[in-house]
Amino acid sequence: MNADVRKILVLGASGLIGCFITRDLRTRGFPVVGVARKLPASHNNSALDLELPLISMDAAAMTRLIGDHRVDVVVNCLGVLQDGPGSDTAAVHRDFVTRLLQAIRESRRAIRLVHISIPGTMETDQTAFSTTKREGERLIAESGVAYTILRPGFVVALAAYGGSAMVRSLAAYPLDLPAVEQATPFQPIAMEDIAATIAWLAARDPTEANGVTWDLMQEEPVTLGGVVDQFRRALGTREWPRIAMPAFLLDIGARLGDLANLFGWMPPMRTTAIAELRRGVSGNPAGWISATGITPKTIAEMAGERPATIQDKWFARLFPIKALVIASLVLFWVVSGFIALVISYDAAADILRSRNFPPALVGPITVGTSLMDMSIGALIAFRRTSAFGLIAGIIASLGYMVGAAILTPDLWIEPLGALVKTGPAIVLMLVALLTLDNR
């Protein structure tokens, strides 16, 4: 079958890999149905882009999806790094794969399943992420479905997300990883090589390259330090003097990332990410190269393919600062409201009494504004409500400034300049709001 008639279903079409291969395969002439729970507004949606609750779909619903679109190839790009609110590694890597395999069998169609997994072996799997990924591989191998399992190394693409964003940020600062982590094997793969592999498979009968597992990565050994160094070359920071961070800072950062994960955020630095980083990324791509004839790009070619643009530099520098911005705004609103409500209630109320506010309104206004401030901080803290909280914070700050100008104009010239400082706080909230997107 050729690209004109062979239809591909991409599951997880909003992710880093899924989004790229959906567009790439369409460019090559394949009709592609891209499915994700939520597609970004910037996604160039077509009639074949579908928003569906994939993880909660039963086998019957997936069978209908496959049959209605007469799918010939299913590419499963779904994956989550760590358990947390809205993320369940077993549900995504094992339970969903079980239902997907059932749906493919019940569709009665000659379908090839291309499954995106991770490098490594069962003996070195230590996290829920890696063990459930390996369980998914086992289920596929035992299913009787025509399949090819792809195990990409460290994925390098024009877009940056997760670990690739963290590596680029590290390259943008005068910091080095601890020596042990720097020496970890870390073989990369260009996103274009993953897409070319899937296109190669999609153009062939399911009986060809069936039942195989391929490592996709550059042939030459390279370390994590070597990968970071190539990004430093692209960003122009290679000659900077650097300070080696102690290993405990990585562990502290990972624990803070786990804490943020409880609030719905998905920072790349979490305990699972650090554990996988320390295990390393390595494999043997010989079978893949021999079968497909694809010559994988090296990290020097990937990182140095084009000079870093100003937006590349800004992103690399701002990416780790984003977490500090959000955290500082949460503390700003929660702590300021708490102080006014609990610690300095009388002083806060006296500001209104000294301006001849009606006594009956002093208490309700003081308590109400304090609770509102703390509520704004809580809204910003949770990823799902963060945008609403930031907008509410901007509106509240503007309201405070206008209200003070009308009712208590002398506060604008008080020695500590509390109201004057509200302006920069509004700007910081705008920065947080405008950088809220992850991809």
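Above this text you will find the structure in question.
Computed from a predicted structure; not experimentally measured. (Residues numbered from 1 in each chain as written. Predicted model: local features only at pLDDT ≥ 70, side-chain atom pairs only at ≥ 80, totals over all residues. Heavy atoms only, no water.)

**Quick notes on unusual backbone geometry**
Inference 1: Notably, Arg-70 is not glycine yet its phi reads approximately 50 degrees, a positive angle.
Inference 2: Within the secondary structure, Arg-70 sits in the loop between α2 (59-68) and β4 (73-76).
Inference 3: One non-glycine residue, Ala-209, lies in the positive phi region at around 55 degrees.
Inference 4: Its place among the elements puts Ala-209 in the loop between α7 (191-202) and β10 (212-216).
Inference 5: What makes Ala-209 buried here is its relative accessible area of 17%. (Helix = DSSP H or I, 4+ residues; strand = E, 2+ residues; numbered from the N terminus. Buried < 20%, exposed > 50% of the residue type's maximum accessible area, 1.4 Å probe, protein only.)

**So, the packing of helix α1 (residues 16-27) against α7**
When two helices pack together, you describe them by how their axes are tilted relative to each other and by the distance separating the axes.
Inference 1: Put simply, α1 and α7 touch, their axes get as near as 10 Å, and they point 55 degrees apart. One element, α1, and the other, α7, form an angle in the oblique class. For the element pair α1 and α7, the recorded crossing hand is right-handed. On α7, the residues touching Leu-16, Ile-17, Phe-20, Ile-21, Asp-24 and Leu-25 of α1 are Met-191, Glu-192, Ile-194, Ala-195, Ile-198 and Ala-199.
Inference 2: The residue makeup of the contact of α1 with α7, split by class, is ten nonpolar, no polar and two charged. (Axes fitted to C-alpha atoms, helices over the stretch in contact; angles between N-to-C directions. Parallel < 35°, antiparallel > 145°, perpendicular 65-115°, else oblique. Left-handed = near helix turned anticlockwise from the far one by under 90°. Contact = heavy atoms within 4.5 Å. Nonpolar A, V, L, I, M, F, W, Y, C, P; charged D, E, K, R; others polar.)

**Description of the nonpolar core**
Inference 1: In this structure, Ile-8, Val-75 and Ile-198 are the most contacted members of the largest nonpolar core, which totals 31 residues.
Inference 2: Of all the secondary-structure elements, those providing two or more residues to this core are β1 (8-11), α1, β4, β5 (112-116), α7, β10 and α11 (286-292).
Inference 3: Take this core: its biggest share by element is eight residues, from α7.
Inference 4: When residues no more than four places from it in sequence are discounted, the contact partners of Ile-8 are Leu-25, Phe-30, Pro-31, Val-32, Val-33, Val-73, Val-75 and Ala-202.
Inference 5: One finds Val-35, Met-62, Leu-65 and Ile-140 within the second-largest nonpolar core, a separate group that totals 27 residues. (Core = buried A, V, L, I, M, F, W, Y, C linked by side-chain atoms within 4.5 Å.)

**A look at the pattern of salt bridges**
Inference 1: With the rule as written, the count across this model stands at 18 salt bridges.
Inference 2: Of the charged contacts in the structure, one is a salt bridge between Arg-94 and Asp-95, with a shortest N-O distance of 2.9 Å.
Inference 3: Residue class for Arg-94 comes out partly exposed when judged on its relative accessible area of 29%.
Inference 4: Note that Asp-125 and Arg-279 form a salt bridge whose closest N and O atoms lie 2.5 Å from each other. Remark: Arg-279 occurs in helix α10 (residues 271-279) and Asp-125 occurs in the loop between β5 and α4 (128-141); sequence separation between them is 154 residues.
Inference 5: It is possible to trace a salt-bridge network through shared partners that takes in Asp-125, Arg-134, Glu-137, Arg-151, Glu-276 and Arg-279. (Salt bridge = Lys/Arg side-chain N within 4 Å of Asp/Glu carboxyl O.)

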